[in-house]
Amino acid sequence: QLQLVQSGAEVKKPGASVKVSCKASGYTFTSYAISWVRQAPGQGIEWMGWISAHNGNRNYAQKFEGRVTMTTDAATRTAYMELRSLRSDDTAVYYCARDPDYGALDVWGQGTTVSVSS
Amino acid sequence: DIVMTQSPLSLPVTPGEPASISCRSSQSLLHSNGYNYLDWYLQKPGQSPQLLIYLGSNRASGVPDRFSGSGSGTDFTLQISRVEAEDVGVFYCMHSLKSYTFGQGTKLEIK
């Protein structure tokens, strides 16, 4: 079954880090990239970056450079997104999506809610 | 960074009537390979976004043919030939030329 299944909700304190996982099934994992986007409560969608599951190439949005790390594990068909130095405005739903390397994000995870609060 | 501007931001539509959403980019999305790197997505209430149109005018798998995308360069349009109740949600355009940016979203509601 073609799907991306993300890890569960997280609650973090400001300054902490969070690592969200995204497990793929139903397709050849290494033939695609994974994009990560987020959506703050009641807001639009913000693209965070992209990682190729084939060769590990990454392309991060400038806003997140230095604070985000995206990785993949081909053995477990899982992509990860780690965001560090969390602030309250990082509170959002984080989504992973399958990316054929030209946008066209055609398979999406269910979303992971990350809440940052002291 | 490329800025994506959608209009209108709110779109009340009577079922069965057509609807149109505009998306403009601050730079051309036409690649030298001839493709426009512009997608359209729909996020229904409480759901993850879903791909409707990719590379400007290609309908994604399973998307009803009442949805169509057109345009080139900096001006793009998503058209719905006959709006149905299930189309309620927020429509986003997104460019994918090197980095990606979403438009602000257009909320479609049924009159």
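Everything discussed here concerns the structure shown above.
Residues numbered from 1 in each chain as written. Chains lettered and ligands numbered in written order. Predicted model: local features only at pLDDT ≥ 70, side-chain atom pairs only at ≥ 80, totals over all residues. Heavy atoms only, no water.

*Asks:* Looking at this model, I keep getting lost on the overall build of chain A. Mind explaining?
*Replies:* When its secondary structure is counted, chain A shows zero helices and 10 strands. Along its sequence from the N terminus, chain A presents helices and strands in the succession β-β-β-β-β-β-β-β-β-β. For 118 residues, the compact-globule estimate of 2.2 N^0.38 gives 13 Å, and chain A sits close to it at 13 Å. Overall, chain A is about 40 × 25 × 25 Å in size when its C-alpha atoms are taken along their principal axes. Within chain A, buried positions represent 45% of all 118 residues. Separation between the mean location of the 12 positive side-chain charges and that of the 10 negative ones in chain A comes to 5 Å. (Helix = DSSP H or I, 4+ residues; strand = E, 2+ residues; numbered from the N terminus. Rg over C-alpha atoms; globule rule 2.2 N^0.38 Å. Buried < 20%, exposed > 50% of the residue type's maximum accessible area, 1.4 Å probe, protein only. Lys, Arg positive; Asp, Glu negative; His and termini not counted. Charge placed at Lys NZ, Arg CZ, Asp CG, Glu CD.)

*Asks:* Looking at this structure, I do not really get the interface of chain A and chain B. What am I missing?
*Replies:* By convention, interface size is frequently given as the accessible area that disappears when the constituent parts associate. Every contact between the two is made by 23 residues of chain A and, on the other side, 18 residues of chain B. Summed over both partners, the interface of chain A with chain B comes to about 1,400 Å²; 62% of that surface belongs to carbon and sulfur atoms. Of all residues in chain A, I45, W47 and Y102 of chain A bury the most surface against chain B, accounting for 41% of the area lost on that side. Viewed at the interface, chain B and chain A are joined by zero salt bridges. Scanning the region where chain A abuts chain B turns up 10 residue pairs in polar contact (both at pLDDT 80 or more). Those elements giving two or more residues to the side of chain A that touches chain B turn out to be β4 (33–39), β5 (46–52) and β9 (92–99) of chain A. Tallied by class, residues from the side of chain A that touches chain B come to nine nonpolar, 10 polar and four charged. (Contact = heavy atoms within 4.5 Å. Buried area = accessible area lost by both parts, 1.4 Å probe. Salt bridge = Lys/Arg side-chain N within 4 Å of Asp/Glu carboxyl O. Polar contact = N/O pair within 3.5 Å; in protein donor to acceptor, adjacent residues only side chain to side chain. Nonpolar A, V, L, I, M, F, W, Y, C, P; charged D, E, K, R; others polar.)

*Asks:* Just to check I follow, could you spell out the pairing of strand β8 (residues 78–83) of chain A for this structure?
*Replies:* Here is the key point about a regular strand: its side chains alternate between the two faces of the sheet. Residues and elements named next belong to chain A. As judged from the six bridges shared by strand β3 (residues 18–25) and β8, these two strands associate in the antiparallel manner. Looking across to β8, one finds that C22 is bridged to A79. Where strand β7 (residues 68–73) and β8 come together, six bridges link them in antiparallel fashion. Residue pairing in the sheet places M70 in a bridge with M81 of β8. The loop that links β7 with its antiparallel partner β8 comprises four residues; one of these, R77, has a positive phi angle of about 55°. (Pairing = 2+ DSSP bridges.)

*Asks:* Just to check I follow, could you spell out the state of the cysteines for this structure?
*Replies:* One covalent bond between the sulfur atoms of two cysteine residues makes up a disulfide. All names here are of chain A. All told, the structure shown has two disulfides over all chains when counted by the stated rule. For C22, the disulfide goes to C96, at an S-S distance of 2.1 Å. Taking the torsion about the sulfur-sulfur bond, which here is approximately 80°, the covalent link between C22 and C96 counts as right-handed. Residue C22 is found in strand β3, and its partner C96 is found in strand β9; the two are separated by 74 residues along the sequence. Residue classification places C22 among the buried positions, given a relative accessible area of 1%. (Disulfide = S-S within 2.5 Å.)

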